Each structure stands twice: as structure tokens, then as C-alpha cells.
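Inside the fold
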Amino acid sequence: MIHWLVANFAKLPFKDKSVSTVLSMFAEYSVPEIDRILTDDGNIIIVRAANNHLIELKNIIYPEIHEKVKTSSIKTFPGFCVEQENFSYKITIQSTEDLLSLLLMTPHYWKIKPEGIENLKKFESLEVTISIEIDLLKRQK
């Protein structure tokens, strides 16, 4: 059975060793907290944005783009092996309203200046790159 939950990773509302799969999508996570709740044969799936994720949107909303170094933000899980898959494809957002909705689902909305939103409102459609990294972590036996 799948239970979906939005929670704070600082103190997850689960008993020790009670969760078989943890999915973290575009979010911070706590290695000790995940290790605490994960069963001995459990899996972790981490989804994060790759470098070119939504690059076209970023080019519109920011006057200048400064990419972060991803390796410094990836937390490791000692005793786990990692399988990584990368996916990249393009989609077309068909309306200004949908572009603004997409922006609202990203952390960029909270970082940009008002001019960025005004620039985006000039677009009726936009082809954007979806580029993600997915890690599947399994305990080493």
C-alpha cells in the first residue's frame, strides 16, 4: 500500500524501521532521519533537477544565471549503493497561465525580482527542458 505524505525531514512522523521506500522529489532530506525510518531492506529514491532543468524559463526570469555546483549539495548514504538515471526531454507549455503556474511550483518564484515575472508574462507558450537525475539507493548486503 502506498501512503503519500508531505512532512518535514527534520523529524518524520514514522516509527523506526517502518518505511520500505522513501521518495524525495526536489527536496532537502536528512540522511540520519531516512536511515532511522527505513527498513533494513528498504530503498530510497531521490529526484533532483539536473543542470539544464527549466533552463529556458531561467533565461527569461533571471538577468543572469549562476548554476550551482550540484555535487556539493548531494548527501551520501553510507552503506548504500547508488544507481543513477538521467532523463532529459522537452515539453511545450501552451499558455501564459500555465507558465506562471509552473513558475509557482519552483523555488525560483521566491527568488526572482518582479521584472522576471513581467518578462515571463510576455510569453504565450514556451518549450522548456525537463532534465532530472534519479538516484535509487539500496543497502549494501
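Please refer to the structure placed before this passage.
Scope of this entry: the structure provided in the associated data block. The shown structure was predicted, so the numbers you read here are calculated from the model rather than taken from an experiment.

Here's the deal with the overall build of the chain
When you go through the chain residue by residue, the secondary structure sums to four helices and four strands. Listing each helix as α and each strand as β along the chain from the N terminus yields β-α-β-α-β-α-α-β. Dimensions along the principal axes, computed over C-alpha positions, put the chain at roughly 55 × 25 × 25 Å. Burial status across the chain gives 35% buried among its 141 residues. Sequence separation of 24 or more characterises 68% of the internal contacts of the chain that already satisfy a separation of 6 or more. Of the roughly 9700 Å² that the chain leaves accessible, carbon and sulfur atoms contribute 56%.

A word on the sheet that holds strand β4 (residues 126–139)
Strand order in the open sheet formed by four strands is β1-β2-β4-β3, and the pairing between neighbours is mixed. Among the strands making up the open sheet, the edge pair consists of β1 (19–25) and β3 (80–93). Strand-to-strand, the axes of this sheet are offset by a mean angle of 15°, without reference to chain direction. Where strand β2 (residues 38–49) and β4 come together, seven bridges link them in antiparallel fashion. Looking at the pairing, Ala 49 lines up with Ile 132 of β4.

Looking at the pairing of β2
Sheet topology places β1 next to β2; six bridges connect them, and they run parallel. Within β2, the residue paired with Leu 23 across the bridge is Ile 45.

Observations regarding the packing of helix α3 (residues 96–104) against helix α4 (residues 114–121)
If you want to describe how two helices pack, look at the angle between their axes and the distance between the axes. Direction vectors running N to C along α3 and α4 enclose 145°, while the axes themselves pass 9 Å from each other. Touching Thr 96, Leu 99, Leu 100 and Leu 103 of α3 are Ile 117, Leu 120 and Lys 121, all from α4. Here the contact of α3 with α4 is built from residues that sort into five nonpolar, one polar and one charged.

A short note on α3
Buried within α3 we find Leu 99, Leu 102 and Leu 103. The arc that holds every buried residue of α3, seen down its axis, measures 100°, which confines them to one face. Among the structural elements, α2 (55–61), β3, α4 and β4 are those in contact with the buried residues of α3.

Some points on the pattern of salt bridges
According to the stated counting rule, one finds nine salt bridges in the structure shown. Residues Glu 33 and Arg 36 are paired through a salt bridge, measuring 2.7 Å at the closest nitrogen-oxygen approach. Placement of both Glu 33 and Arg 36 in helix α1 (residues 31–37) is noted, with a separation of three residues, approximately one turn of the helix. Judged by its relative accessible area of 10%, Glu 33 is buried. A single network of salt bridges, built from pairs that share partners, joins Asp 16, Glu 33 and Arg 36.

So, the side chain of Ser 131
By the secondary structure assignment, Ser 131 is in strand β4. The contact partners of Ser 131, leaving out residues within four places of it in the chain, are Arg 48, Ala 49, Ala 50, Asn 52, His 53, Phe 87 and Ser 88.

Side note on the side chain of Asp 135
With respect to the helices and strands, Asp 135 occurs in strand β4. For Asp 135, a relative accessible area of 6% corresponds to the buried category. A distance of 2.7 Å separates polar atoms of two side chains, one belonging to Asp 135 and the other to Arg 48. Separated by 2.9 Å, the side chains of Asp 135 and Gln 84 make a polar contact. The residues contacting Asp 135, other than those within four sequence positions of it, are Ile 44, Ile 45, Ile 46, Arg 48, Val 82, Glu 83 and Gln 84.

Thresholds applied
- Residues numbered from 1 in each chain as written.
- Predicted model: local features only at pLDDT ≥ 70, side-chain atom pairs only at ≥ 80, totals over all residues.
- Heavy atoms only, no water.
- Helix = DSSP H or I, 4+ residues; strand = E, 2+ residues; numbered from the N terminus.
- Buried < 20%, exposed > 50% of the residue type's maximum accessible area, 1.4 Å probe, protein only.
- Contact = heavy atoms within 4.5 Å.
- Areas by Shrake-Rupley, 256 points an atom, 1.4 Å probe, with all protein chains shown as cover.
- Pairing = 2+ DSSP bridges.
- Axes fitted to C-alpha atoms, helices over the stretch in contact; angles between N-to-C directions.
- Nonpolar A, V, L, I, M, F, W, Y, C, P; charged D, E, K, R; others polar.
- Arc of directions from axis to C-beta.
- Salt bridge = Lys/Arg side-chain N within 4 Å of Asp/Glu carboxyl O.
- Polar contact = N/O pair within 3.5 Å; in protein donor to acceptor, adjacent residues only side chain to side chain.

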